[in-house]
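# Survey of secondary and tertiary structure
One-letter residues, chain by chain:
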Amino acid sequence: MSDTVVVMNKGNIQQIGSPQDIYNEPRNAFVAKFIGDSNIVDGIMEKDFLVSFGGQEFACVDRGFKPREPVQVVIRPEDVDIVREVIFKGVHFEMHVDVEGKEWLIHSTQASQPGELIGMNIGPDEIHIMSREEV
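Bear in mind that the values here come from a model prediction, so they are computed numbers and not experimental data. (Residues numbered from 1 in each chain as written. Predicted model: local features only at pLDDT ≥ 70, side-chain atom pairs only at ≥ 80, totals over all residues. Heavy atoms only, no water.)

When its secondary structure is counted, the chain shows two helices and eleven strands. For the chain, the succession of helices and strands along the chain, N to C, is β-β-α-α-β-β-β-β-β-β-β-β-β. Taking 14 Å as the expected radius of gyration for a compact globule of 135 residues, we find that the chain reaches 16 Å, a close match to that expectation. Its C-alpha atoms put the chain at 45 × 35 × 25 Å along the principal axes. Within the chain, the fraction of its 135 residues that count as buried is 39%. Pairs at least 24 apart in sequence give 52% of the contacts found in the chain among residues at least 6 apart. When the accessible surface of the chain is totalled, it reaches about 8500 Å², and 50% of it is carbon and sulfur. Averaging the locations of the 12 positively and 23 negatively charged side chains of the chain gives two centres separated by 4 Å. (Helix = DSSP H or I, 4+ residues; strand = E, 2+ residues; numbered from the N terminus. Rg over C-alpha atoms; globule rule 2.2 N^0.38 Å. Buried < 20%, exposed > 50% of the residue type's maximum accessible area, 1.4 Å probe, protein only. Contact = heavy atoms within 4.5 Å. Areas by Shrake-Rupley, 256 points an atom, 1.4 Å probe, with all protein chains shown as cover. Lys, Arg positive; Asp, Glu negative; His and termini not counted. Charge placed at Lys NZ, Arg CZ, Asp CG, Glu CD.)

Moving on, we come to the packing of aromatic side chains. Applying the stated criterion across every chain, the model contains two aromatic pairs. Ring centres 6.1 Å apart and planes at 20° place the aromatic pair F30 and F34 in the stacked group. Here F30 pairs with F34, and both are found in helix 2 (residues 29–35), just four residues apart, close to one helical turn. In this structure F30 comes out as partly exposed when scored by relative accessible area, which is 28%. Where F53 meets F58, the ring centres are 4.4 Å apart and the plane angle is 20°; that geometry is what we call stacked. The same class applies to F53 and to F58, which are both buried. Lying over the aromatic face of Y23, R76 brings its terminal NZ or CZ to 4.1 Å of the ring centre. (Phe/Tyr/Trp six-rings, centres within 6.5 Å; stacked < 30°, edge-to-face > 60°. Lys NZ or Arg CZ within 6 Å of the ring centre and 35° of its normal.)

Spatially, the five strands line up as an open sheet ordered 5-4-3-6-11, and their pairing is antiparallel. Only two strands of the sheet have a single partner each, and these edge strands are strand 5 (56–59) and strand 11 (128–131). Pairwise comparison of adjacent strand axes, ignoring direction, gives a mean angle of 45° for this sheet. Bridge count for strand 3 (residues 39–47) against strand 4 (residues 50–53) is three bridges, and the pairing is antiparallel. (Pairing = 2+ DSSP bridges. Axes fitted to C-alpha atoms, helices over the stretch in contact; angles between N-to-C directions.)

The full count for this structure, using the stated rule, is two salt bridges. Taking the shortest distance from any N to any O, the salt bridge between R132 and D42 comes out at 3.6 Å. Linking R132 in the segment after strand 11 with D42 in strand 3, this pair joins segments that are 90 residues apart in sequence. For R68, the salt bridge is made with E46, and the minimal N-O distance between the two is 2.7 Å. (Salt bridge = Lys/Arg side-chain N within 4 Å of Asp/Glu carboxyl O.)

Along the sequence, D42 and E78 sit 36 residues apart, while their C-alpha atoms lie 19 Å from each other. Those residues in contact with D42 that sit more than four places away from it in its chain are F53, V71, Q72 and R132.

On to the pairing of strand 5. Two strands pair when backbone bridges link them, and strand 4 and strand 5 are joined in this way by four bridges, in the antiparallel orientation. Each residue of the ladder has a partner; that of V51, found in strand 5, is F58. Between the antiparallel neighbours strand 4 and strand 5 lie two residues, among them G54 with a positive phi of about 60°.

On to the confidence of the model for the chain, then. Predicted confidence across the chain gives a mean pLDDT of 86, with 91% of residues reaching 70 or more. Note on residues 84–89: pLDDT under 50 across the span, and ten contacts to partners over four residues away in sequence or across chains. (pLDDT = per-residue confidence, 0-100.)

Quick look at the structure:
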């Protein structure tokens, strides 16, 4: 892969950076979706290093937003840990999970059954904040 990637949408540059920067810190939802699967939810940047979404507050590594600024939160499917008692070792599972009425995509080596209640653990480094796009 190249050292520098330019992501364009209809002739407009959306983001320029290394492949890692674009994947880990997308500037907008188009870039986040272009570079890979993403869970994108609306949130509120409470203050530097603290965001709320889904009715909960989460520590994050982002800063520079206004207090109580509406934002979009990106969480990659591989960054969500499913907390379970049984550990399955083997192939990768793709699961569609309902989180407060929004469908999330989760990749895991732990299998869950439809209708099963699971827990999720999301760390500060797995939360990526973007300015909210106008719709």
